[in-house]
Amino acid sequence: MIDTLRLTAEEAAGLIERGEASAAELHEAYLEAIAVRDGELHCYLTTVEEAEGAGVPIALKDVISTKGVETTAGSKILEGYRPVFDSTVAARCKEAGLPLIGKTNLDEFAMGSSTENSAYGPTHNPWDPERVPGGSSGGSAAAVAAGLAPWALGSDTGGSIKQPAALCGLVGLRPTYGTVSRYGIVAFASSLDQVGPITKTVRDCALLYRIIAGRDPCDSTTVELQEPVELPEASDLKGLRVGVPKELNEAEGIESGVSEQVGRAIKLCRELGAEVGETTLPRSVAYGMPCYYLIAPSEASSNLARYDGVRYGPRVGNGDIRTMYERTRDAGFGDEPKRRIMLGTYALSAGYYEAYYGQAQKVRTVIRDEFAAALADFDLLVSPTSPTVAFPLGARTENPIAMYLSDVLAIPPNMAGLPGLSIPCGLSEGLPVGLQLIGPQFSENLLFRAAHALERALEFDFVPTRLA
């Protein structure tokens with residue numbers, strides 16, 4: 001019997017290398033686990049029955065185009081769409097021999113923080129099925145936490161890898177913008193979207209990032225990595241300067257249990273040999289969220305204009321083309337995409353562009369410069385990943401602003417294009433708390449090193465207590 005709950009991707013690779021299990025047997029073990037547990041959790045929108053590859057199976061968020069496998073972005077407007085090509089990250093996983101287990105649930109077009117905006121129903125948190133797994137990559141995070149995949153890929157625009165990883169007790173990396181190709185990814189906000197790993201351990205995260213990262217001729221925004229991705233071995237933080245941004249650690253809405261566990265992790269940084277000091281990011285935290293909610297909806301308005309019933313997915317109504325557009329988009333999009341399309345279209349409209357979108361881009365530069373100043377004094381910055389632990393299903397669905405605040409700590413470094421890594425650092429009320437590590441651009445190896453040392457010292461058990 002293969003214990004998919006405790007098996008890491010690195011351990012699964014070891015089973016294959018030693019001939020103790022084949023890729024097909026591992027694939028079958030995960031499909032069996034899905035049959036047992038996914039009825040309650042709803043992590044997957046599609047599963048793939050045949051294992052194609054000789055490596056460790058993987059789950060992909062359903063914004064990642066997969067040749068011949070339905071890719072819906074969690075929306076009815078793409079229902080039945082089967083791409084005729086693989087995205088670059090899917091192709092690189094195939095080249096590495098990783099068989100696809102299936103496509104995971106998400107907030108529609110990756111717009112949300114709870115995976116409740118999916119047109120196909122919400123995903124439930126394996127730690128407590130009455131609570132959300134975070135979002136928008138909640139299906140990927142819940143699948144890994146519940147032992148329904150050894151690792152998965154998600155996408156992160158405003159925190160959609162880091163936040164669900166935190167709420168599900170996992171490791172999640174939002175890479176430096178431009179280090180992972182966006183070719184074949186269903187676009188939300190092009191200047192912010194990045195694909196990254198969600199895994200059980202930091203070493204698994206580094207292994208998967210090694211597979212997907214690097215320049216892609218199909219994506220002109222990508223760059224070559226400045227150094228090879230290294231698997232971390234460090235057991236201490238000697239020589240590292242760790243900054244604690246006051247505003248990111250004392251923001252309104254951070255739960256006391258979250259602050260307590262993050263404070264314990266910061267104390268541990270000192271015990272592991274790091275030099276720890278306080279820094280400040282006043283404008284980044286104050287303006288990060290309003291800046292994001294002008295730029296991201298504006299880019300979404302442009303990107304989602306292509307879904308009109310002409311080329312993709314279902315078409316609603318006959319008659320003149322304008323009526324067909326309107327009926328198709330009305331029936332195909334859910335409330336959250338409609339809300340963001342309307343906001344973004346307004347911000348881009350004549351007479352308002354400079355006052356809103358143009359001004360937000362200027363603020364984005366201020367945020368980038370403020371982070372650069374803080375990182376001139378410190379190697380890494382730390383904070384909670386999410387201000388709260390997983391909240392109950394339905395608790396924020398009627399209050400979009402409260403939902404948006406779920407990402408208030410994850411958004412500022414994203415606006416600066418910086419890499420961020422979330423690792424679990426303890427439990428509050430029996431639910432996981434995430435620690436966010438932020439580094440300069442292209443500092444993924446440094447993040448892996450620090451996170452691995454903390455992971456070893458924290459000894460967090462990634463298996464949900466109710467499933468252990």
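These numbers were taken from a predicted model, which means no experiment stands behind them. (Residues numbered from 1 in each chain as written. Predicted model: local features only at pLDDT ≥ 70, side-chain atom pairs only at ≥ 80, totals over all residues. Heavy atoms only, no water.)

A closer look at a negative patch on the surface
- Residues Glu 28, Glu 32, Glu 49, Glu 50 and Glu 52 make up a contiguous surface patch of negative charge.
- Mapped onto the elements, Glu 32 comes out in helix 2 (residues 23-41).
- On the basis of relative accessible area, Glu 32 is assigned to the partly exposed category, the value being 47%. (Patch = residues over 30% accessible without salt bridge, like charges linked within 9 Å, V, L, I, M, F, W, Y side chains within 5 Å. Areas by Shrake-Rupley, 256 points an atom, 1.4 Å probe, with all protein chains shown as cover. Salt bridge = Lys/Arg side-chain N within 4 Å of Asp/Glu carboxyl O. Lys, Arg positive; Asp, Glu negative; His and termini not counted. Charge placed at Lys NZ, Arg CZ, Asp CG, Glu CD. Helix = DSSP H or I, 4+ residues; strand = E, 2+ residues; numbered from the N terminus. Buried < 20%, exposed > 50% of the residue type's maximum accessible area, 1.4 Å probe, protein only.)

A word on a nonpolar patch on the surface
- On the surface, Val 310, Ile 321 and Tyr 325 cluster together into a nonpolar patch covering about 250 Å² of accessible area.
- Positionally, Val 310 belongs in the loop between helix 9 (282-303) and helix 10 (321-332).
- Assessed through its relative accessible area of 41%, Val 310 is described here as partly exposed.

Some remarks on helix 4 (residues 138-145)
- Among the 8 residues in helix 4, 8 count as buried, and that is most of the element.
- Looking only at helix 4, the buried set comprises Gly 138, Gly 139, Ser 140, Ala 141, Ala 142, Ala 143, Val 144 and Ala 145.
- Buried residues along helix 4 sit in contact with strand 1 (44-47), strand 2 (58-61), strand 3 (100-104), strand 4 (151-156), helix 5 (162-167) and strand 6 (194-199). (Contact = heavy atoms within 4.5 Å.)

Here we look at the packing of helix 9 against helix 11 (residues 335-348)
- Where helix 9 meets helix 11, the closest approach of the two axes is 7 Å, and the angle between their N-to-C directions is 100°. Here helix 11 runs roughly perpendicular to helix 9, going by the angle between their axes. For the pair formed by helix 9 and helix 11, the contact residues are Tyr 292, Tyr 293, Leu 294, Pro 297, Ser 298 and Ser 301 on the first element and Arg 340, Ile 341, Leu 343, Gly 344, Thr 345, Ala 347 and Leu 348 on the second. (Axes fitted to C-alpha atoms, helices over the stretch in contact; angles between N-to-C directions. Parallel < 35°, antiparallel > 145°, perpendicular 65-115°, else oblique.)

A short note on the sheet that holds strand 2
- Pairing within the open sheet is mixed, and its 11 strands lie in the order 1-3-2-4-6-5-10-11-9-7-8. At either margin of the open sheet sits one strand with a lone partner, and together these are strand 1 and strand 8 (275-279). On average, each strand axis in the sheet is tilted by 25° relative to the strand beside it, whichever way the strands run.
- With 2 bridges connecting them, strand 7 (residues 241-245) and strand 9 (residues 380-384) associate as parallel partners. (Pairing = 2+ DSSP bridges.)

Observations concerning helix 6 (residues 202-212)
- For helix 6, the buried fraction is high: 9 of the 11 residues fall into the buried class.
- Gly 214 occupies a position one or two residues after helix 6 and carries a positive phi of about 125°.

Considering the pattern of salt bridges
- Inspection of every chain in the model, using the stated rule, returns 19 salt bridges.
- The partner of Arg 322 in a salt bridge is Glu 326, and the shortest N-O contact between them spans 3.4 Å. Of the two residues, Arg 322 and Glu 326 both sit in helix 10, 4 residues apart, roughly one turn of that helix.
- Between Asp 369 and Arg 368 there is a salt bridge, and its shortest N-O distance comes to 3.3 Å.
- The class for Arg 368 is partly exposed, based on a relative accessible area of 45%.

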